[in-house]
Amino acid sequence: MFFINKKKKETQIEETNYWLSIGDLMASILMIFMLLFIVKTIETGRELRKKEEIIESFTGLKKNIISKIQKDFEERGIKVDIDPQTGTIKIDDKILFNTGEYLLKPEGKKYLNDFVPIYINLLLNDEEVKKELSQIIIEGHTDDVGSYIYNMELSQKRAFEVIKYIYDEMPNFKGKEELKSYITANGRSNIKVLRDNSGNIDRDKSRRVEFQFKLKEDETLMKIEKTLKEGN
């Protein structure tokens, strides 16, 4: 009887030790996973901070350029409608063209004579800006009246007319030849109409020519911002 109880007791001890060993193993595995999770979280945090620092650097440069453009035009008494976030400058079509036409009006030519040399000087004759510059874009935009094709043709002709005037008629200015390596002209038809506060299409403001500048890092910045959003 004593022998049987002793055997039983030894078996119970072995089973207890077995489950303790399994428990220790599971606890160790859990600890490893926790450590891996902590390390991964730290690495991800560092990557996000690095990406955010890059974004701040890129956006900081763009903000500085926009600030310079605003300040220079204000000091010269030339009114420009500039987007404080993107740097896009909108020129009302009434300044440049008659309704439904693409040939520049005399006052439109005068405005471009004043505007273009200053704008190009700010972008091409500042070495800090120039080394980061990728493109200078002239875009034509229309309202929603008329067909897409009609408006595409009109917007393209207006954008082209501006660049044609710069090189065929406008007096020489610093950076004019170098500008050829950066400038392009596009028509966008009526796909980017502007709306008022009530959400209605503002046809007067929609009819415009835009001057935009793109930096080399813009594409990289878009990818980083997309990654950050996906990470959130």
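Residues numbered from 1 in each chain as written. Predicted model: local features only at pLDDT ≥ 70, side-chain atom pairs only at ≥ 80, totals over all residues. Heavy atoms only, no water.

Trainee: It is not clear to me how helix α5 (residues 148-168) should be interpreted in this structure. Could you clarify?
Mentor: Residues three or four positions apart in an α-helix share a direction because the helix packs 3.6 residues into each turn. For α5, which comprises 21 residues, the first-to-last C-alpha distance of 29 Å matches the rise-based estimate of 30 Å (1.5 Å per residue) to within 8%. Along α5, the positions that sit buried rather than exposed are N151, M152, L154, S155, R158, A159, E161, V162, I163, Y165 and I166. Turning to α5, the residues buried within the fold contact α2 (93-96), α3 (106-124), β3 (133-141), β4 (183-187) and β5 (208-215). (Helix = DSSP H or I, 4+ residues; strand = E, 2+ residues; numbered from the N terminus. Expected span 1.5 Å × (residues − 1). Buried < 20%, exposed > 50% of the residue type's maximum accessible area, 1.4 Å probe, protein only. Contact = heavy atoms within 4.5 Å.)

Trainee: Is there a simple way to explain the side chain of D143 in this structure?
Mentor: Along the chain, D143 falls in the loop between β3 and α5. Polar contacts involving the side chain of D143 include one to the main-chain amide nitrogen of V145, which spans 3.0 Å. Within the local environment of D143, its side chain forms a polar contact with the side chain of R207, the two groups lying 2.6 Å apart. Here D143 is in contact with N151, N190, V193, R203, S206 and R207, once residues within four sequence places are set aside. (Polar contact = N/O pair within 3.5 Å; in protein donor to acceptor, adjacent residues only side chain to side chain.)

Trainee: Would you take a moment to explain a nonpolar patch on the surface for this structure?
Mentor: Nonpolar side chains collect at one region of the surface, where Y148, I149 and I191 lie side by side and expose about 320 Å² of accessible area between them. Structurally, the position occupied by I149 is in helix α5. Since its relative accessible area comes to 59%, I149 is described here as exposed. (Patch = residues over 30% accessible without salt bridge, like charges linked within 9 Å, V, L, I, M, F, W, Y side chains within 5 Å. Areas by Shrake-Rupley, 256 points an atom, 1.4 Å probe, with all protein chains shown as cover. Salt bridge = Lys/Arg side-chain N within 4 Å of Asp/Glu carboxyl O.)

Trainee: Which parts of the structure should I look at to understand the packing of aromatic side chains?
Mentor: Aromatic ring pairs are reported here in terms of the distance separating the ring centres and the angle at which the planes meet. Counted by the stated rule, this structure contains 5 aromatic pairs. Through successive ring pairs, a cluster of aromatic residues spans F73, Y111, F115, Y119 and F211. Taking NZ or CZ as reference, K62 lies 5.4 Å from the ring centre of F213, over its face. (Phe/Tyr/Trp six-rings, centres within 6.5 Å; stacked < 30°, edge-to-face > 60°. Lys NZ or Arg CZ within 6 Å of the ring centre and 35° of its normal.)

Trainee: It is not clear to me how the environment of K130 should be interpreted in this structure. Could you clarify?
Mentor: Locating K130 in the fold gives a position in helix α4 (residues 127-130). The spacing of K130 and L215 is 85 residues in sequence and 9.1 Å in space, taken between C-alpha atoms.

Trainee: Help me understand the sheet that holds β4, please; the structure alone is not making it clear to me.
Mentor: Across a sheet, paired strands are connected by hydrogen bonds in the backbone, their directions being either parallel or antiparallel. Taken in spatial order, the 5 strands line up as β1-β2-β5-β3-β4 in an open sheet, and their pairing is mixed. Two strands in the sheet have a free side with no partner beyond their single neighbour: β1 (81-82) and β4. Examined bridge by bridge, β1 and strand β2 (residues 89-92) share 2 bridges and lie antiparallel to one another. Across the sheet, the residue bridging to D81 is K90, located in β2. Docked against the sheet, α3 engages β2, β3 and β5, running at close to 10° with respect to β5. Along the sheet face, α5 touches β3, β4 and β5 and points at about 155° away from the line of β4. (Pairing = 2+ DSSP bridges. Axes fitted to C-alpha atoms, helices over the stretch in contact; angles between N-to-C directions.)

Trainee: It is not clear to me how the pattern of salt bridges should be interpreted in this structure. Could you clarify?
Mentor: Evaluation of the coordinates by the stated rule reveals 16 salt bridges. Its salt-bridge partner being R207, residue D204 comes within 2.7 Å of it at the nearest N-O pair.

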